[in-house]
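Architecture at a glance
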Amino acid sequence: MFRKPLALCIVLLICISALSLAHAQGGIVQGTPRTPGDAEIPEIPEMTDLLEPRVPENIQKVVIRDDNRTSVNPREHPYMAIALLSVSAPCGCSWETTGFMVSPRGMLTSANSIYCDTHKKFFDAMTACFGVTPSGEYYYKYNVNGTYWYFDKFLNPEDEADWDVAYLLLDEAVGDIVGNFGLCILSDYDLGMEWVEVAGYGAGGLKSDLGITEVLSEYLVGYDADTADGYLGGPVFDKDGYVYAVNTAFSGTNRDFNVGRRITDDLANVMFEDGLFR
């Protein structure tokens, strides 16, 4: 008579023990894939304050000028908040890409940065190095433990570009050490014809370029700033350290511009709901 309830209790205890052990050992946990509908939550009144950039006291803030610099100092804010990500997947593939801090524990990158398209596998290990010089010396290194999310539409070829974005909630407050960017949600009107800077880790270290924006759609923005291999997942930001988009792709046309996934209300809302700004 009591066998079935007893068996269920034993199974639950085993599951709870396994989860507790996984958290105790650290590691990377995949959050439930997000859907656009998940973002349809009430507006968060304090969101504006939460999305502001923050500079640690011991890091000098750079003065961003309207020039075409190709090399930047990775030990100055906001560049210190950009990470060189060394990523590997269960299939055995590994690669390097870019991510950046948007809160003490929140990191933003592209979905393609954490996904092996050849074998259709998401990553299972990541190391984030901040303040990396061309010689390979770093200011801070973090073996990533935490939870990551992506939108389920990313796996649909028709929607991939619109939803090529991923975010991570780290177990440690790395942003307290390296600082973080702010996030800015702009209308089509305000985002059009704006000067932006795009930065990322590629050959020769951390580099960036300036360019002018062109709104492409509700989710995408183009810009004529130069990028290179490794810039995928890097920030597209203004002179005050506010990110407008995540660098995701080259246009693939003769128009010769790069493309970013815009920071939108739905993206900011789900990031808040998943604890990145708490």
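Let us look at the pattern of salt bridges. For the structure shown, the criterion picks out 5 salt bridges. A salt bridge links Asp274 to Arg34; its shortest N-O distance comes to 2.7 Å. Of this pair, Asp274 sits in the segment after helix H5 (265–273) while Arg34 sits in the loop between strand S1 (28–30) and helix H2 (47–50), placing them 240 residues apart in sequence. On the basis of relative accessible area, Asp274 is assigned to the buried category, the value being 13%. Between Asp117 and Lys120 there is a salt bridge, with the nearest N and O atoms lying 3.0 Å from each other. Given the relative accessible area of 45%, Asp117 is considered partly exposed. Accessibility expressed as a relative area gives 51% for Lys120, which makes it exposed.

Another aspect to go through is the side chain of Ser113. Within the secondary structure, Ser113 sits in the loop between strand S4 (106–109) and strand S5 (115–116). Residue classification places Ser113 among the buried residues on the basis of a relative accessible area of 0%. Sequence-distant contacts of Ser113, defined by excluding residues within four places in its chain, comprise Val87, Trp95, Thr97, Thr98, Leu232 and Gly233.

Burial runs high along strand S12 (residues 195–202): 6 of the 8 residues are buried. Looking at chain direction, S12 and strand S13 (residues 205–215) are connected through 8 bridges and run antiparallel. The partner of Glu197 across the bridge, within S13, is Leu210. If you look at the hairpin formed by S12 and S13, you'll find 2 residues sitting between the two strands, and Gly204 has a positive phi there, around 90°.

Averaged over the chain, the pLDDT score is 85; the fraction of residues at 70 or greater is 81%. In this model, residues 2–24 is a region of pLDDT below 50 whose contacts with residues beyond four sequence positions or in other chains number 0 contacts. The low-confidence segment residues 62–69, where pLDDT is below 50, has 21 contacts with residues more than four positions distant or belonging to other chains.

With that settled, the discussion passes to the nonpolar core. Residues Met107, Leu108, Leu183 and Met271 are the most contacted members of the largest nonpolar core, which totals 61 residues. Non-local contacts of Met271, meaning those with residues more than four positions away in its chain, are made with Val102, Leu108, Tyr167, Leu183, Leu276 and Phe277. One finds Leu186, Leu191, Val196 and Val198 within the second-largest nonpolar core, a separate group that totals 11 residues.

Our focus in this paragraph is empty space enclosed by the protein. To locate leftover empty space, one rolls a probe as large as a water molecule over the atoms. Summed over the entire model, instances satisfying the criterion amount to 1 cavity of 30 Å³ or more. Estimates place the volume of the largest cavity at around 30 Å³. What lines the largest cavity is simply Cys184, Ile185, Leu186, Leu191, Tyr244, Arg262 and Ile263. Each residue belonging to the lining of the largest cavity can be placed in one class, and the counts come to 6 nonpolar, no polar and 1 charged.

Picture the strands of a sheet paired through backbone hydrogen bonds; they go either parallel or antiparallel. In space, the 8 strands of this open sheet follow the order S1-S9-S10-S4-S3-S2-S7-S8, with mixed pairing throughout. At either margin of the open sheet sits one strand with a lone partner, and together these are S1 and strand S8 (140–143). Ignoring strand direction, the axes of neighbouring strands in this sheet form an average angle of 30°. Bridging between strand S2 (residues 82–88) and strand S7 (residues 125–130) involves 6 bridges; their strand directions are antiparallel. Bridging across to S7, Ser88 finds its partner in Ala125.

The rules behind each value
Residue numbers here run from 1 along each chain, matching the order of that chain's written sequence. Local features in a predicted model are, by the rule used here, given only for residues with pLDDT of at least 70; side-chain atom pairs are given and counted only at 80 or more, and totals for whole chains, interfaces and linings are based on all residues. Hydrogens and water molecules were not included; the side-chain quantities draw on all heavy atoms of the structure. In what follows, salt bridge is the name for a side-chain nitrogen of Lys or Arg lying within 4 Å of a carboxyl oxygen of Asp or Glu. Numbering of helices and strands starts at the N terminus; helices are DSSP runs of H or I of at least 4 residues and strands are runs of E of at least 2. Categorising residues by exposure relies on relative accessible area from a 1.4 Å probe, with only protein chains included: less than 20% of the type maximum marks a residue as buried, more than 50% marks it as exposed, and the intermediate range marks it as partly exposed. Whether two residues are in contact is decided by their heavy atoms, any of which lying within 4.5 Å being enough. DSSP calls a pair of strands paired once it identifies at least 2 bridges connecting them. Residue-level confidence of the predictor is what pLDDT reports, using numbers from 0 through 100. In plain words, nonpolar cores are sets of buried Ala, Val, Leu, Ile, Met, Phe, Trp, Tyr and Cys residues tied together by side-chain atoms within 4.5 Å. With a 1 Å grid laid over protein atoms only, a set of points is called a cavity when a 1.4 Å probe fits there but cannot get out and a pocket when it is open yet has protein on both sides within 12 Å along at least five of seven lines; lining residues have an atom within 4 Å of a point. Grid points are joined across faces, edges and corners, and a volume is the space filled by probe spheres set on the points. Under this grouping Gly is polar, as are all residues other than the nonpolar Ala, Val, Leu, Ile, Met, Phe, Trp, Tyr, Cys and Pro and the charged Asp, Glu, Lys and Arg. Interaxial angle, 0 to 180 degrees, is taken between N-to-C directions of lines fitted to C-alpha atoms, where a helix line uses only the stretch in contact.

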